[in-house]
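What the coordinates show
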Amino acid sequence: MEHLEDDAKFEQLVHTLDPQSKLLRTWGLTGGVSAQVTAIEVEVPGGMTQKMVVRRHGAIDLRRNPNIAADEFKLLQIVRSAGLPAPAPLYFDRSGEIFATPFVVLEYIEGQSEFSPPDLEGYLVELARQLSALHNADFSEFDLSFLPKQDEIYTEKFRVRPAKLDYSLGEGRIRDVLEAAWPFPERNAPVLLHGDYWPGNILWEDGRLVGLIDWEDSHVGDPLADLAISRLEILWAFGTDAMDNFTEQYKALSHLNFASMPYWDLCAALRPAFRIADWAGDPVREKDMREKHRWFVTRSLEALSILP
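This report concerns the structure included in the present document. (Residues numbered from 1 in each chain as written. Predicted model: local features only at pLDDT ≥ 70, side-chain atom pairs only at ≥ 80, totals over all residues. Heavy atoms only, no water.)

**Some details on the pairing of strand β2 (residues 35-43)**
The element β2 is extensively covered by neighbouring structure, given that seven of its nine residues are classed as buried. Alignment of strand β1 (residues 22-29) against β2, held across seven bridges, turns out to be antiparallel. Bridge pairing in β2 links Thr-26 to Ile-40. Sheet topology note: the β2/strand β3 (residues 49-57) ladder contains nine bridges and is antiparallel. Bridged to Gln-36 within β3 is Arg-56. (Buried < 20%, exposed > 50% of the residue type's maximum accessible area, 1.4 Å probe, protein only. Helix = DSSP H or I, 4+ residues; strand = E, 2+ residues; numbered from the N terminus. Pairing = 2+ DSSP bridges.)

**Describing the nonpolar core**
It is characteristic of soluble globular proteins that their nonpolar side chains tend to be buried jointly. Core analysis: the biggest nonpolar cluster contains 72 residues, and Leu-127, Leu-178, Phe-184 and Trp-264 have the highest contact counts within it. Here the element with the most residues in this core is helix α7 (residues 223-238); it accounts for ten residues. Listed in part, the 13 residues of the second largest apolar core include Phe-10, Val-44, Met-52 and Val-54. (Core = buried A, V, L, I, M, F, W, Y, C linked by side-chain atoms within 4.5 Å.)

**Topic: the pattern of salt bridges**
Following the criterion strictly, the structure yields 22 salt bridges and no others. A salt bridge links Arg-64 to Asp-217, with the nearest nitrogen and oxygen atoms 3.5 Å apart. On the criterion of sequence distance, the pair formed by Arg-64 in helix α2 (residues 59-64) and Asp-217 in the loop between β8 (208-212) and β9 (219-221) is long-range, its members being 153 residues apart. In this structure Arg-64 comes out as partly exposed when scored by relative accessible area, which is 49%. We note a salt bridge from Glu-171 to Arg-175, for which the minimum N-O separation is 2.9 Å. Highlighted residues: Glu-171 and Arg-175, both in helix α6 (residues 171-181), separated by four residues, approximately one helical turn. As far as the burial class goes, Glu-171 and Arg-175 line up, both buried. Each member of the salt-bridge network shares a partner with another, and the members are Arg-55, Glu-72, Asp-214 and Glu-216. (Salt bridge = Lys/Arg side-chain N within 4 Å of Asp/Glu carboxyl O.)

In structure tokens, the structure reads:
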């Protein structure tokens, strides 16, 4: 059995879920900068094994939303009811009796992220189809009022500038444009957004898309915001042709007004400020990402006809 320092806590959790089950092993997973994510494998009555994921929310998450564990549990119930391939929520706890911080227990989806797909075109088609399925899902019977609102998020983001700007990514110029244009014209009807739809949060098995994970940034707003994040991430991972192909595939599945797309692209371009080196992982990758980011921003400004 592979031990982590707090295996005793996981044993207590397993006993809480089912006194007849036994913890076999634990291992760490990546899953957000502010949450600690651990996979566990248990032996259930009858000798079968089951894997689960435990997400423990940290101080950053809790400052943003003290009810984050309950909200994540509720959101995943809603998303699953729409037939989307999110992990099933199994349990949540905010009592502090097992772990000091709130946590949720989720289904473990067998699969892995794919950054070298053998069929890139088919991969992009499926990425676009899944994003469109999320944005077109009918959640009218559910109350999504517990989720953050895009208008409020960006109103606050553009109300006061950070004390420091990442000028290496052109953050000052990007903010000049966005602050002058906010709120953006020609909005689409608000929908449920994933908030971080990129290849690292998509799980595949045997060439099939089987999971959409890490819903911690979900909110309600213009679907073009999700699309813009995906566009930049696909540009970084697979290049300009792949980004354009993905975008056209998504457009063919939607009936949206895309006039504000350049503004949302610029919003996506703000996300890696002061983080691109960490996201890249090595200097060669960072250089490539910076060059593509610069191209992405320039093309957005050209689309808005505001370049000199």
